[in-house]
Amino acid sequence: MHLSSALRAGLAKVFVYALLALFLIPALTLGFSVYAQRDQDADFVADVVQRIDAEKAMPPAEKQARKDYFRSNPPSTICDNHSAEAQEYRAALCERFSDVWQFHMAHKVSFWTLVASGVLLVVVLGLGALAFADRTLQYSSFVAGWRLTTWASAAALVVQGAMAVWLSFWVTAFFFHKYSPKLVLFVGFAVLAGVLVAVAGIFKRVQSQSRAVGELVSEDDAPLLWKRIRHMARRLKTDPPQHIVAGIDANFFVTEAPLTVGNQTLTGRTLFVSLPLLRILDQAEADAVFGHELAHLRGGDTQSSARLGPKLVQFDHYRHAIRSGGLSAVVSPVLDLFRTIFEFALARDSREREFKADRIAAKLISPAAIAQSLVKIAAYAQYRARIEDELFGRNERHDTTTLGIARFVAQGLAPYAASDDFLEAMKTANVPHPFDSHPAMPERLRNVGMALKERDYGAIAVRAPAATWVQEILTADAIEQRLWSDYEQQFAQDHERSLAYRYEPATDEERALVLRYFPPVVFALKGENTVEVSIEGIRTSADETTVFWDAIKALEFKESSFGNALVVTHPEKNALGLGAKTSKIKLSGLTKEKDQFNAVVGAYWQRHQIMRAQQQQQPQPQPQQPPQ
């Protein structure tokens with residue numbers, strides 16, 4: 001329910017943005033062209049009438065006839081008038097690129113762009129509706145929408161970009177009788193860059209690849225497990241997995257998409273099993289989980305995901321390129337609208353698939369088995385995430401030889417399951433899955449007819465299994481030991497790097513750690529001068545001064561033929577004792593390394609901001625009371 005509400009809110013928001021992206025510039029162009037044509041018509045007719053009245057030799061009847069003709073056929077209409085009578089009139093005013101021709105074309109192009117935008121909007125909504133109507137239509141409707149919206153966005157950039165360039169000249173020329181060449185060139189180059197980004201994105205191919213951290217379990221390593229899974233697959237009348245991968249992630253899943261495990265890419269049907277979860281599930285509970293995953297295979301869920309997944313990745317990469325491509329971002333809401341509608345459909349479909357797979361597992365094994373497995377998996381996943389967040393939040397480095405995340409979870413799960421926090425978390429808990437958004441666990445329990453009491457959750461979560469499938473995997477202990485060792489080493493490295501962002505530093509040990517990731521970086525300037533970026537600030541050798549990070553509010557790199565400079569905005573005046581709100585760090589001679597310099601300054605400035613924000617979040621020590 002939370003996911004659906006979020007998608008609905010996102011859909012409403014992006015729909016408004018899409019309307020603006022589709023209609024704003026064409027509507028402005030149409031409105032301006034109509035207004036200007038009306039003004040031009042009035043001026044032209046008034047001038048013609050004055051000239052006709054000045055003709056003394058012309059009979060009054062002829063004068064009136066001519067004046068009536070021009071009033072009935074002003075310049076705004078003459079370019080579409082192909083009668084013989086208007087040929088000379090049209091040739092005089094509608095020459096290509098003349099003012100009358102330009103406004104006539106702007107009017108026509110903007111009008112038909114609005115019509116095309118309306119049609120595009122209806123088609124996008126229609127294709128999105130198809131994804132709801134029938135699951136079998138999801139792939140074809142998405143591919144059609146993907147092709148349509150990508151090409152339409154590129155076309156919209158060309159057409160609306162041309163309108164923007166035209167407006168950048170004519171708005172100022174019409175109202176102020178002057179124009180800015182710089183403005184026209186700026187808009188023109190921005191439009192060209194946006195079009196190039198859009199077209200390049202259409203033809204760019206993105207390789208989508210799913211990865212899993214684990215190791216293959218051969219039939220020799222677990223003959224009884226393989227036999228059991230094949231038996232269940234036969235009962236469900238579906239082909240069994242061709243590969244079983246064991247890992248330590250807190251989830252189970254199946255996929256038919258290519259899956260990279262270590263240095264090997266697996267194709268066909270793959271079942272991923274979690275060794276830590278198999279240790280807390282008895283064999284019946286684990287069988288219910290296997291039945292749930294095999295139900296996805298039987299229902300074609302994994303096959304559908306394998307086909308659609310790469311297309312979604314390709315489309316999302318194109319959206320990102322458009323959004324970050326400067327002026328091309330103006331058309332991204334149209335892409336976002338289609339993607340949001342489709343995501344809404346996929347979320348609803350995913351929910352229905354999970355409910356159906358749960359019911360199949362309940363029928364295959366038992367409702368109690370699937371219900372208890374859901375409680376145990378959700379409890380383990382919630383508590384493990386809690387432990388890892390707590391460990392990552394510590395301000396001391398971790399020793400990988402003694403970290404022991406698995407041990408922390410095993411020792412603390414029982415006390416956690418007896419706490420009020422556990423019951424509150426389980427009300428909204430869901431079972432983690434790498435490819436789908438699963439419904440909340442209480443809803444899944446009701447779906448299989450097991451309305452467990454909340455007070456029973458804790459007892460179920462810590463109930464020790466009499467027999468597990470881990471005991472039937474000969475290589476389980478060795479696999480788990482290797483994976484936990486690698487995982488904890490990476491966890492400790494990531495945590496250490498985060499400490500480099502958190503420490504001020506306050507001690508020599510903290511300073512050594514921060515300098516490992518943020519050592520001083522020196523850049524050569526003109527002559528023998530240098531500029532050094534460090535965790536303290538930015539120091540130039542020319543004047544031997546350091547602008548400390550705390551004295552910086554904002555930074556802007558300015559390029560100039562007289563020498564580049566970094567403009568520093570300070571939090572308050574006189575931050576450097578100069579009385580000014582801003583100051584300049586002169587960077588004469590810094591040309592080839594300017595991009596690297598800006599990247600380093602940005603990284604060190606970001607580190608300092610994160611560190612200060614971290615300090616503000618930490619509770620301040622309370623002053624001690626003096627002795628009585």
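Higher on the page you've got the structure.
Residues numbered from 1 in each chain as written. Predicted model: local features only at pLDDT ≥ 70, side-chain atom pairs only at ≥ 80, totals over all residues. Heavy atoms only, no water.

J.: A description of the sheet that holds strand S14 (residues 582–586) should follow, citing residues and the corresponding values.
T.: Read from one edge to the other, the open sheet built from three strands follows the order S12-S13-S14, with strand pairing classed as antiparallel. Across the chains shown, the open sheet's two edge strands, defined by having one partner strand only, are strand S12 (554–558) and S14. Going from strand to strand, the sheet's axes swing by 25° on average, the running direction of each strand aside. When strand S13 (residues 565–569) meets S14, the two strands line up antiparallel, connected through five bridges. Across the sheet, Ala-565 pairs through a bridge with Lys-586, a residue of S14. Contacting S12 and S13, helix H20 (residues 594–617) crosses the sheet at an angle of about 180° to S12. (Pairing = 2+ DSSP bridges. Helix = DSSP H or I, 4+ residues; strand = E, 2+ residues; numbered from the N terminus. Axes fitted to C-alpha atoms, helices over the stretch in contact; angles between N-to-C directions. Contact = heavy atoms within 4.5 Å.)

J.: How would you explain the packing of aromatic side chains if you had to name every residue and give the values?
T.: Both the distance between ring centres and the angle between the ring planes are used here to describe each pair of aromatic rings. Applying the stated criterion across every chain yields a total of 37 aromatic pairs. Taking the centre distance of 5.7 Å and the plane angle of 20° together, the rings of Phe-142 and Phe-338 count as stacked. Here Phe-338 lies in helix H12 (residues 332–364) and Phe-142 lies in helix H6 (residues 138–176), a separation of 196 residues in the sequence. For Phe-142, a relative accessible area of 0% gives the class buried. When the ring of Tyr-501 is compared with that of Phe-518, the centres are 5.1 Å apart and the planes differ by 90°; the resulting orientation is edge-to-face. With Tyr-501 in helix H18 (residues 476–502) and Phe-518 in the loop between helix H19 (508–517) and strand S8 (521–524), this pair connects stretches of sequence that are 17 residues apart. Just as Tyr-501 is buried, Phe-518 falls in that class too. Clustering of aromatic rings is evident, with ring pairs tying together Phe-32, Tyr-35, Phe-103, Trp-166, Phe-169, Trp-170, Phe-174, Phe-175 and Tyr-179. One cation-aromatic arrangement involves Arg-147 over Trp-146; the distance from NZ or CZ to the ring centre is 4.0 Å. Here the basic side chain of Arg-384 rests over the ring of Tyr-487, its NZ or CZ set 5.4 Å away from the ring centre. (Phe/Tyr/Trp six-rings, centres within 6.5 Å; stacked < 30°, edge-to-face > 60°. Buried < 20%, exposed > 50% of the residue type's maximum accessible area, 1.4 Å probe, protein only. Lys NZ or Arg CZ within 6 Å of the ring centre and 35° of its normal.)

J.: Now, about the sheet that holds strand S11 (residues 545–548): what can you tell me, with residues and values included?
T.: Ordered in space as S8-S9-S10-S11, the four strands form an open sheet in which the pairing is antiparallel. Either end of the sheet is taken by a strand with one partner, and the two such strands are S8 and S11. If you compare each strand with its neighbour and ignore which way they point, the axes differ by 20° on average. Judged from the four bridges that link them, strand S10 (residues 537–540) and S11 form a sheet pairing that is antiparallel.

J.: So, unusual backbone geometry: which residues are in play, and what are the values?
T.: Residue Pro-505 follows Glu-504 across a cis peptide bond; omega there is 0°. Within the element layout of this structure, Pro-505 appears in the loop between H18 and H19. One non-glycine residue, Phe-97, adopts positive backbone phi at about 75°. Positionally, Phe-97 belongs in the loop between helix H4 (87–93) and helix H5 (99–133). Taking relative accessible area as the criterion, Phe-97 reaches 58% and is therefore assigned exposed. Even without being a glycine, His-177 presents a positive backbone phi close to 60°. With respect to the helices and strands, His-177 occurs in the loop between H6 and helix H7 (181–203). Residue classification places His-177 among the exposed residues on the basis of a relative accessible area of 71%.

J.: With reference to specific residues and values, describe the pattern of salt bridges.
T.: Taken as a whole, this structure holds 32 salt bridges when the rule is applied. Close ionic contact of Glu-215 with Arg-482 constitutes a salt bridge, the shortest N to O distance being 2.8 Å. With Glu-215 in strand S2 (residues 215–216) and Arg-482 in helix H18, the pair connects residues that are 267 residues apart, well separated along the chain. Given the relative accessible area of 41%, Arg-482 is considered partly exposed. One salt bridge in this structure joins Arg-386 and Asp-421, with 3.1 Å as the shortest N-O distance. Of this pair, Arg-386 sits in helix H13 (residues 367–393) while Asp-421 sits in helix H15 (residues 420–426), placing them 35 residues apart in sequence. The exposure class assigned to Arg-386 is partly exposed, which follows from its relative accessible area of 39%. (Salt bridge = Lys/Arg side-chain N within 4 Å of Asp/Glu carboxyl O.)

J.: Account for the nonpolar core, naming residues and giving values.
T.: Residues Phe-252 and Phe-290 are the most contacted members of the largest nonpolar core, which totals 69 residues. A total of 13 residues in this core trace back to one element, the largest contributor, which is H13. Ranked by size, the runner-up nonpolar core spans 34 residues in total, among them Val-124, Leu-127, Phe-342 and Leu-346. (Core = buried A, V, L, I, M, F, W, Y, C linked by side-chain atoms within 4.5 Å.)

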